[in-house]
Amino acid sequence: MPTPVSILPVGERRPLADPDLSPDLPPPPPGRDLMKIPVVARILRSRWYPGILQIPVAAIFGLVAYQLLAGPVTADRNAGTALMWVLWWPVLPITFVVVGRFWCAVCPFGALSDFVQKWVGVNRPVPRFLKLYGLWIIDAQFLAITWSDHIWGIVESPWGSGVLLLLLTTGVIISGAFFQRRTFCRYLCFLGGLCSNYSRGSVVELRADTDVCRTCKAKAACYNGTANQPGCPMFNFPRTMDSSANCNLCANCIKACPNDAIKIRTRKPTSELWFLDKPKVEESFLAVAIMGIVFIQNITMLSVWQEVLAWIEMTTGITSYPAIFTVAFIAAVSIPVGLVALASRIAARGNLEDTLANFARFGYALIPLDIAAHVAHNLFHLLAEGSLVFSTVASLFGAAPADGATPLASPGTILALQLAVLAIGVMGSAYAVRRIAHRRYQTRARRRATVTPYLVLVGILAAVNVYLFMLPMAHRM
């Protein structure tokens, strides 16, 4: 008869010798090295990359900022609002899946930080507080900005969106003036936090050939840089990287490495999620909280939203809209967090790891569903309101502005695309759950006890998303 094993309380460490835990497994097999494609290698090694791309992006950013602050006051006639929220925001998560965190390589904020640092920077080390709690600060910012949007109408107000950009610009300038490299991008940018999570699902990765690195005598040039080439702006050491979360593909390390040890490789989408050796609670929390944010974004666009507000008012006696929305917002974010915590607790009974460790490890599995739900939600804005991009930009050149948006696709087509994208995300999350469990545990019993509650969780979240997408949504502009 087997000896009973007690459940470990939350926070207690498991003894290292656990026969049911899988031994150290080899890293994922390397995919195709894109650096062997001559045109790719030439571009990434060019001194013009990525600066040549930052110039047009900065020009467009300047146009957007000017339009937001000085253009038409209504969102449906403002080119800045249309370019920012109808085009850029829906397309952005797709780029994370295709090319990882490449957006950060051409982002105007990164270029601004470099400029400020070059001329007035004092290059102080990153404060220990930011290293320890930067991800939690990013989590809090993401939630606060989403909350603020619904209280003050940031998206629907060109001026509100412009103020948001000004606040971010101020943060970038202050950070660049005081701290090393791109401290703001790595530890403070809320968009960077979203990029880091979504980029884990990317089909490309930057990694170093560790066999070559073992014999390197260049004093970590990939990290520290050289006399002619800056080091990694995101504080990455390619030799030890096991994640693409903080790599923006700026190619500094490629240019600085004297041994051609840096590779840009293809990989299976989302494979990073099950090869992570050091999962972090704060990263998993953001992945879970994003699902709640998608819920609240969807619900507020439905006719039932007014009924929800009325029910909260009747139940709590609260009459202030900001207070009522805060209750709804906290509930929407708390439901996925609570469900993942519950699934983690149930899994802990079978896999004999504590609840917090399960939450940290398997929260990442929701990232494919997060990306899919984010894309599906914004497909509505892109296809239902996308004509505003053309009409508002054309109005800058003298064309008469359009009265309202003309849908680019029928409601049925939009819904079909939303459900197809959502189905891909569900399959991605379910597969990630299975792969994480199979890599972590050797025995079938522990795998089954772990996989079952998380697959049920994925099914519940998928069903809620499908239900919300099936309901008719209102236009945002």
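In case you missed it, the structure is sitting above this.
Note that this is a predicted model, so its numbers are computed, not measured.

Ranked by internal contacts, the top residues of the largest apolar core, which has 101 residues, are Trp103 and Leu191. In terms of residue count, helix H13 (residues 281-299) provides more of this core than any other element does, 11 residues in total. Contact partners of Trp103, with chain neighbours within four places excluded, come to Val57, Trp88, Leu92, Phe96, Pro108 and Leu191. Counting 20 residues, the second largest nonpolar core, distinct from the first, contains Met241, Cys247, Leu249 and Ala261.

Given a rise of 1.5 Å per residue, 25 residues ought to cover 36 Å, and the 34 Å separating the end C-alpha atoms of helix H6 (residues 128-152) matches this to within 8%. The largest bend along H6 reaches roughly 60° and is located at Gly134. Within the span of H6, buried status applies to Leu130, Gly134, Ile138, Asp139, Phe142, Leu143, Thr146, Ser148, Asp149, His150 and Ile151. The inward-facing, buried residues of H6 contact helix H8 (183-187), helix H9 (190-198), H13 and helix H15 (321-351). The first or second residue beyond H6 is Gly153, which carries a positive phi of 65°.

On to the pattern of salt bridges, then. A complete count under the given rule lists 12 salt bridges for this structure. A salt bridge links Arg214 to Asp211; the shortest N-O distance between them is 2.4 Å. Here Arg214 and Asp211 have matching classes, each one exposed.

Attention now goes to the packing of aromatic side chains. Inspection of every chain in the model, using the stated rule, returns 19 aromatic pairs. With 6.1 Å between their ring centres and 50° between their planes, Phe142 and Phe190 make a pair best called tilted. Placement of Phe142 in helix H6 and of Phe190 in helix H9 is noted, with a sequence separation of 48 residues between them. Centre to centre, the rings of Phe178 and Phe179 are 6.3 Å apart; their planes meet at 45°, and the pair counts as tilted. Since its relative accessible area comes to 38%, Phe178 is described here as partly exposed. Pairwise contacts between aromatic rings join Trp85, Trp88, Trp89 and Trp103 into one cluster.

So, how was this worked out
Residues numbered from 1 in each chain as written. Predicted model: local features only at pLDDT ≥ 70, side-chain atom pairs only at ≥ 80, totals over all residues. Heavy atoms only, no water. Core = buried A, V, L, I, M, F, W, Y, C linked by side-chain atoms within 4.5 Å. Buried < 20%, exposed > 50% of the residue type's maximum accessible area, 1.4 Å probe, protein only. Helix = DSSP H or I, 4+ residues; strand = E, 2+ residues; numbered from the N terminus. Contact = heavy atoms within 4.5 Å. Expected span 1.5 Å × (residues − 1). Bend = angle between axes of the 7 residues up to and from the residue. Salt bridge = Lys/Arg side-chain N within 4 Å of Asp/Glu carboxyl O. Phe/Tyr/Trp six-rings, centres within 6.5 Å; stacked < 30°, edge-to-face > 60°.

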